[in-house]
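Below are the chains, spelled out letter by letter.
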Amino acid sequence: MLQNILLRRLSATNRLKVHLDLFGDFKHNKFHINSVFNKSNKDDFVEIKFQGKSLRFPNVWLRDNCQCEQCFHQSAKSRILDLSKFNVDVQLKTVVQDETTVQITWDDNHSSKYGLHWLKFRSFTPEDQLKYTNTLYQPVKKLWHGEDFQKICSKHDYNKIVNCDDALHNWLQDLATYGVVLIQNTPHSNIALDGIIERVGFIKRTHYGVKFVVENVANTSNVAYLSSNLQMHVDLPYYEYCPGVNMLHCLVQTVSEGGENLLADCHYTSCYMKEHHPEEYKLLTETDVEWSDVGVEHGNEFFKLYRSPVICLDRHGAVKRINFSVPQRGSHFPGSIETVKPWYEAHGLFYELNQKFAAKFKTKAGDILVFDNIRLLHGRNAYEDKSGNVRKLLGAYVDWDEIYSRLRCLKAKLYPVEGI
Ligand code: OGA
Ligand code: ZN
Ligand code: ZN
């Protein structure tokens, strides 16, 4: 191995940009190292060539990400270096390269070693960053119109998800991508949902229970527990930590007309509004609304309020979360009096477009309809409820944190990438 080691002592007084041309043939010791002096205080990089590409890594980042036992706890997989002693102006002393690693000695004589695949996986090139963001970080969302619902709503088998990691991965991947999937052949049992959720992580408990029953109830605590039409909405917009995913297990479906679900992809609708109705779009992204739920459930009082716009954007302008519910919108309007009417117009337009873009779908006993509660609007058509023809669903929530976490674990196991 030693004959393959490249060692170059570099002046500690100069700021260095080290270019390691690693694309030579190690076996024949034909390597070049080009040292380029860089006077800029900010631009301290190590530049390597790996798999035919040039990769640059900032010195400060490399030092911060040293993987040695003093800097990084091996079993906790966590950084433990002492930030109070960290020098952002850290400089290189030596850089040593072999087929698989880069070894650096710093100006304080600390030494760090990095796998080349490990570095490549953390590459700063825009293409590599995008690839990582769109695969392991979060799958890219594909937007859809209701007309395409049959194509995009994939069907998954309950037992396969419970017993096979591939099936579990595919279900969660489709859910993250399209925001809606159907699980079929679910056992007729009150605990069937738990079997699926345990494969993912944890249930999200709310004031409606660990799980909740959706059926026609007189003197209900929530208008969802009626047999009448349920306008399209998201569940629990009055939670700051709003449940990410809604799972509705159909135990009994009405045999007569009605009881279908309506589903609309609000990312599609938002995109459409941004292009065709920019003023209304802006109002819905900027105006806070007070979402509310006040009452008693299972003997527990609750008084939930949360202020947030209908369309919540992140700082890149991407839709992060949708809030919408006619029954759970409070009557306090936290904005100025002038914005009220234009906001109502924009809000009405948003609803009208979602209705236009919605798909209609009727679940059967044994189906679990799983959908992204902060991306889709869902509703239900009125149905008949009488003895001999009832409808009963069992619902549960799971958070996106748990789903993305499980998805990443599965990707790491089923599709391992070197350097992960
Ligand atoms: C709900 C709901 C849908 C249905 O309970 O919030 O949206 O199909 N139910 O009854
Ligand atoms: Zn270290
Ligand atoms: Zn609902």
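Treat the numbers as computed from the prediction; the structure is a model and nothing was measured.

### Concerning helix H9 (residues 278-286)
Here is step 1: Among all positions of H9, only Tyr281, Leu284 and Thr285 are buried. Relative to the axis of H9, the buried residues are bounded by an arc of 100° and lie together on one face. Opposite the buried face of H9, by more than 90 degrees, sit the exposed residues Glu279 and Glu286.

### Structural notes on the sheet that holds strand E23 (residues 376-380)
Here is step 1: In spatial order, the strands read E14-E23-E16-E21; together these four strands make up an open sheet with antiparallel pairing. The open sheet is flanked by strand E14 (230-233) and strand E21 (359-361), the only strands paired with a single partner. Looking at each pair of strands side by side, their axes are set apart by 20° on average, direction ignored.
Here is step 2: Of the strand pairs in this sheet, strand E16 (residues 261-265) and E21 are connected by three bridges, and their pairing is antiparallel. What sits directly across from leucine 262, in E21, is lysine 360.
Here is step 3: Along the sheet face, helix H8 (residues 266-276) touches E16 and E23 and points at about 50° away from the line of E16.
Here is step 4: Strands E14, E16, E21 and E23 of the sheet are contacted by helix H10 (residues 340-357), whose axis makes an angle of about 100° with E14.

### So, the coordination of the zinc ion (ligand 2)
Here is step 1: Those protein atoms acting as donors to the zinc ion (ligand 2) are Cys66 (SG), Cys68 (SG), Cys71 (SG) and His110 (NE2), and they sit at 2.1 to 2.3 Å.
Here is step 2: Taken together, the four donor atoms coordinating the zinc ion (ligand 2) and their angles of 103 to 116° define a geometry best described as tetrahedral.
Here is step 3: Summarised as a motif, the one-chain spacing of the donors to the zinc ion (ligand 2) is C-x1-C-x2-C-x38-H.
Here is step 4: Owing to a relative accessible area of 1%, cysteine 66 belongs among the buried residues under this scheme.

### Focus on the side chain of asparagine 246
Here is step 1: You can see asparagine 246 is positioned in strand E15 (residues 245-252).
Here is step 2: Within the structure, asparagine 246 has its side chain in polar contact with the side chain of aspartate 235 (distance 2.7 Å).
Here is step 3: Look past the residues within four positions of asparagine 246 in its chain and what remains in contact with it is Phe212, Asp235, Leu369, Val370, Phe371, Asn373, His378, Ala396 and Tyr397.

### Structural notes on empty space enclosed by the protein
Here is step 1: The full count for this structure, using the stated rule, is three cavities of 30 Å³ or more.
Here is step 2: Around the largest cavity, the lining is made up of 26 residues, and of these Ala224, Leu230, His233, Asp235 and His378 lie nearest the centre.
Here is step 3: The element that contributes the greatest number of residues to the lining of the largest cavity is E23, accounting for three residues.
Here is step 4: Here the residues of the lining of the largest cavity sort into 15 nonpolar, eight polar and three charged.

### Observations concerning the site of ligand 1
Here is step 1: Around ligand 1 sit Val214, Ala224, Leu230, His233, Asp235, Leu248, Asn261, His378, Arg380, Arg391 and Leu393, and that is every residue in its neighbourhood.
Here is step 2: Here an oxygen atom of ligand 1 and a side-chain polar atom of histidine 378 are 2.9 Å apart.
Here is step 3: Within the side chain of arginine 391, a nitrogen or oxygen atom sits 2.7 Å from an oxygen atom of ligand 1.
Here is step 4: When ligand 1 sits alone it has 290 Å² of accessible area, and the protein chains cover 96% of it.
Here is step 5: Among the secondary structure elements, those contributing two or more residues to the shell around ligand 1 are E14 and E23.
Here is step 6: Of the residues belonging to the shell around ligand 1, the class tally is five nonpolar, three polar and three charged.

### Points about a nonpolar patch on the surface
Here is step 1: A surface patch of nonpolar side chains, amounting to about 330 Å² of accessible area, comprises Val294, Phe303 and Leu305.
Here is step 2: Note on placement: valine 294 falls in strand E17 (residues 289-297).

### Considering the sheet that holds E15
Here is step 1: Pairing is mixed in the open sheet, where six strands are placed in the order E11-E12-E22-E15-E24-E13. With partners counted over all chains shown, the strands left at the sheet margins are strand E11 (155-157) and strand E13 (212-214), one partner each. In this sheet, neighbouring strand axes are inclined to one another by 25° on average, regardless of whether the strands run parallel or antiparallel.
Here is step 2: Bridging between E15 and strand E24 (residues 392-398) involves seven bridges; their strand directions are antiparallel. Of the residues in E24, the one forming a bridge with valine 252 is lysine 392.
Here is step 3: Against the sheet, helix H7 (residues 192-200) contacts strand E12 (180-184), E15, strand E22 (368-372) and E24, and its axis sits at roughly 15° relative to E24.

### Some points on the confidence of the model for the protein chain
Here is step 1: The predicted model of the protein chain averages 91 in pLDDT, with 90% of residues at 70 or higher.
Here is step 2: Contacts from residues 1-42, a stretch scored under 50 in pLDDT, to residues over four places away or in other chains number 95 contacts.

### So, the side chain of arginine 380
Here is step 1: Turning to its location among the elements, arginine 380 is positioned in strand E23.
Here is step 2: Despite being buried, arginine 380 has no salt bridge partner; glutamate 260 is the closest side chain of opposite charge, sitting 8.8 Å away.
Here is step 3: Of note is the side chain of arginine 380, whose polar atom sits 2.9 Å from the backbone oxygen of alanine 224.
Here is step 4: Residues contacting arginine 380, with those up to four places away along its chain left out, are Val214, Val223, Ala224, Leu226, Ser227, Ser228, Asn229, Leu230, Gly259, Glu260, Asn261 and Arg391.

### A closer look at the layout of surface pockets
Here is step 1: As a volume, the largest pocket reaches approximately 1000 Å³.
Here is step 2: Taken together, 26 residues form the lining of the largest pocket, with Gln138, Lys141, Val319, Lys320 and Tyr404 sitting closest to its centre.
Here is step 3: Taken together, the elements giving at least two residues each to the lining of the largest pocket come down to helix H3 (126-137), strand E20 (319-322) and helix H11 (400-414).
Here is step 4: Taken together, the residues of the lining of the largest pocket sort by class into 11 nonpolar, six polar and nine charged.
Here is step 5: Taken domain by domain, the makeup of the lining of the largest pocket includes at least three residues from each of domain 1 (40-137) and domain 2 (146-411).
Here is step 6: Considered as a void within the structure, the second largest pocket measures approximately 350 Å³ in volume.
Here is step 7: Its residues assigned to classes, the lining of the second largest pocket shows eight nonpolar, three polar and five charged.

### Comments concerning the packing of aromatic side chains
Here is step 1: Tallied over the full model, the rule gives 19 aromatic pairs.
Here is step 2: Between tyrosine 238 and tyrosine 239, the ring centres sit 5.7 Å apart and the planes meet at 40°, which makes this aromatic pair tilted.
Here is step 3: For tyrosine 239, a relative accessible area of 12% translates into the label buried.
Here is step 4: Ring centres 5.2 Å apart and planes at 85° place the aromatic pair tryptophan 343 and tyrosine 344 in the edge-to-face group.
Here is step 5: Ring pairs connect the aromatic residues Phe57, Trp61, Tyr114, Trp118 and Phe124, which therefore count as one cluster.
Here is step 6: A cation over a ring is seen here: arginine 56 above phenylalanine 45, with NZ or CZ 4.0 Å from the ring centre.
Here is step 7: Over the ring of tyrosine 383 we find arginine 391; its NZ or CZ atom is 5.1 Å from the centre of that ring.

Rules of the game
Residues numbered from 1 in each chain as written. Chains lettered and ligands numbered in written order. Predicted model: local features only at pLDDT ≥ 70, side-chain atom pairs only at ≥ 80, totals over all residues. Heavy atoms only, no water. Buried < 20%, exposed > 50% of the residue type's maximum accessible area, 1.4 Å probe, protein only. Helix = DSSP H or I, 4+ residues; strand = E, 2+ residues; numbered from the N terminus. Arc of directions from axis to C-beta. Pairing = 2+ DSSP bridges. Axes fitted to C-alpha atoms, helices over the stretch in contact; angles between N-to-C directions. Contact = heavy atoms within 4.5 Å. Donors = N, O, S within 2.8 Å, 3.2 Å for Na, K, Ca; no water. Tetrahedral: all angles 85-135°; square planar, octahedral: opposite > 155°, others 65-115°. Polar contact = N/O pair within 3.5 Å; in protein donor to acceptor, adjacent residues only side chain to side chain. 1 Å grid on protein atoms, 1.4 Å probe; cavity = no way out; pocket = protein on both sides within 12 Å on 5 of 7 lines; lining within 4 Å. Points joined across faces, edges and corners; volume = space filled by probe spheres on them. Nonpolar A, V, L, I, M, F, W, Y, C, P; charged D, E, K, R; others polar. Near = heavy atom within 4 Å. Areas by Shrake-Rupley, 256 points an atom, 1.4 Å probe, with all protein chains shown as cover. Patch = residues over 30% accessible without salt bridge, like charges linked within 9 Å, V, L, I, M, F, W, Y side chains within 5 Å. Salt bridge = Lys/Arg side-chain N within 4 Å of Asp/Glu carboxyl O. pLDDT = per-residue confidence, 0-100. Lys, Arg positive; Asp, Glu negative; His and termini not counted. Domains from an automatic or database assignment. Phe/Tyr/Trp six-rings, centres within 6.5 Å; stacked < 30°, edge-to-face > 60°. Lys NZ or Arg CZ within 6 Å of the ring centre and 35° of its normal.

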